[in-house]
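Inside the fold
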Amino acid sequence: PIQYNAYEIKRVWIKVIRDIKEGKSKNTLKFYIHIPFCKSKCNFCFYYSATSFPKSQIINHYIKKICNEMNFYKDAFSDVEFKDLEIRGGSPSILSEEQLNGLLINLFNNFYFLKKVSKRSFECNPHEVTLQKLKVLKKFGFTDLSFGVQSLDKKVLKLSNRGFQTYEIVKKAILDAQSCDLELKIDLMIGLYGDSPESFSKSFEKIAGFQPKTIAMNPLHPSRIYLRRYFRNSENYFYSELERKVSQTMKLIKPIADKFGYSYDDNIYLHRWQCVGFSRRNRSPRN
């Protein structure tokens, strides 16, 4: 593959920005920061993330590298505003309050974002969320938080190497975020080993009771190791099971969604790479 050095990449960006300023291209710029660290590795996850390391030292080094990159590229973007900002991982919420504050200070000192229509989103693992971190995000204008809850079933969590997560931890994180007036998208995952339509719908109902802005039902994308361990090493078998689960689960959670005031597409088809979203209506839930 062709490789480019930082100076060559910067020259490309300078041309892109010039075309935007001259009206030759539309400004669709979005800023993305990746934090590739997790407390522990969920056994269903196939994305890269580092877990076994002296966290504070390595993360500090990584943030320093990101900040150096920002400093290098900032003059290329000095005359343009980004539309959106997205920070994902890994688990960005693994950053300490000090690390998070330092990263965002550097970011907003070097780059400009649209004030009125800009969306600033941040991905969180509930067990790493603190009120202090949430206040930092609020201070820097973040509007949307994504909480990767996946399940509230103890058995499923343990089988997924997420036994550290409890309902109480999730509840506190959600309430703290809502106290900071931050909009929440709660991610639940369907297709996990040990889950069932009944257990998924119970998790959905508990989350719906907190009235987050969005509840996302995400299909599991299994790794080869996960397929070999739990699904006969067969992708076809896994997806046939997933389709069956989705069909049964939707029958259970549609009345729950109606009860708590969530809208959804009646003709739901869960594609293997696409989530199903439930959006809160602007009304009180029915009793």
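Our structure's up above, just so we're on the same page.
The sections below set out a description of the structure shown in this document.

**With respect to the overall build of the chain**
- Of the regular secondary structure elements, the chain holds nine helices and ten strands.
- The C-alpha radius of gyration of the chain comes to 21 Å, within 12% of the 19 Å expected for a compact globule of 287 residues.
- Each of the 287 residues in the chain was classed as buried or not, and the buried ones make up 46%.

**Side note on unusual backbone geometry**
- With omega at 20°, the peptide bond leading from Gly89 into Gly90 counts as cis.
- Looking at the secondary structure, you find Gly90 in the loop between β3 (84-89) and α3 (97-110).
- We note that Gln150 has phi near 70°; this positive angle belongs to a residue other than glycine.
- You can see Gln150 is positioned in strand β6 (residues 144-150).
- For Gln150, a relative accessible area of 12% corresponds to the buried category.
- In this model, Gln211 sits at a positive phi of 60°, which is unusual for a non-glycine residue.
- Tracing the chain through its elements places Gln211 in the loop between α7 (197-208) and β8 (214-219).

**Thoughts on empty space enclosed by the protein**
- Across all of its chains, the model carries one cavity of 30 Å³ or more by this definition.
- Empty space within the largest cavity amounts to approximately 40 Å³.
- Around the largest cavity, the lining residues are Ser93, Leu100, Phe122, Cys124, Val129, Thr130, Lys133, Leu134 and Leu137.
- With three residues, the single largest contributor to the lining of the largest cavity is helix α4 (residues 131-139).
- Here the lining of the largest cavity is built from residues that sort into six nonpolar, two polar and one charged.

**Quick word on the pairing of strand β7 (residues 183-190)**
- Burial runs high along β7: six of the eight residues are buried.
- Strand direction decides the pairing type here: β6 and β7, joined by six bridges, are parallel. In the strand pairing of β7, Phe147 is matched with Ile186.
- Pairing of β7 with β8 involves six bridges; the strand directions are parallel. Paired with Ile186 across the strands is Ile215, a residue of β8.
- Viewed along the sheet, the connection from β7 through α7 into β8 turns out right-handed.

The rules behind each value
Residues numbered from 1 in each chain as written. Predicted model: local features only at pLDDT ≥ 70, side-chain atom pairs only at ≥ 80, totals over all residues. Heavy atoms only, no water. Helix = DSSP H or I, 4+ residues; strand = E, 2+ residues; numbered from the N terminus. Rg over C-alpha atoms; globule rule 2.2 N^0.38 Å. Buried < 20%, exposed > 50% of the residue type's maximum accessible area, 1.4 Å probe, protein only. 1 Å grid on protein atoms, 1.4 Å probe; cavity = no way out; pocket = protein on both sides within 12 Å on 5 of 7 lines; lining within 4 Å. Points joined across faces, edges and corners; volume = space filled by probe spheres on them. Nonpolar A, V, L, I, M, F, W, Y, C, P; charged D, E, K, R; others polar. Pairing = 2+ DSSP bridges. Right-handed = clockwise from strand over helix to strand, strands pointing away.

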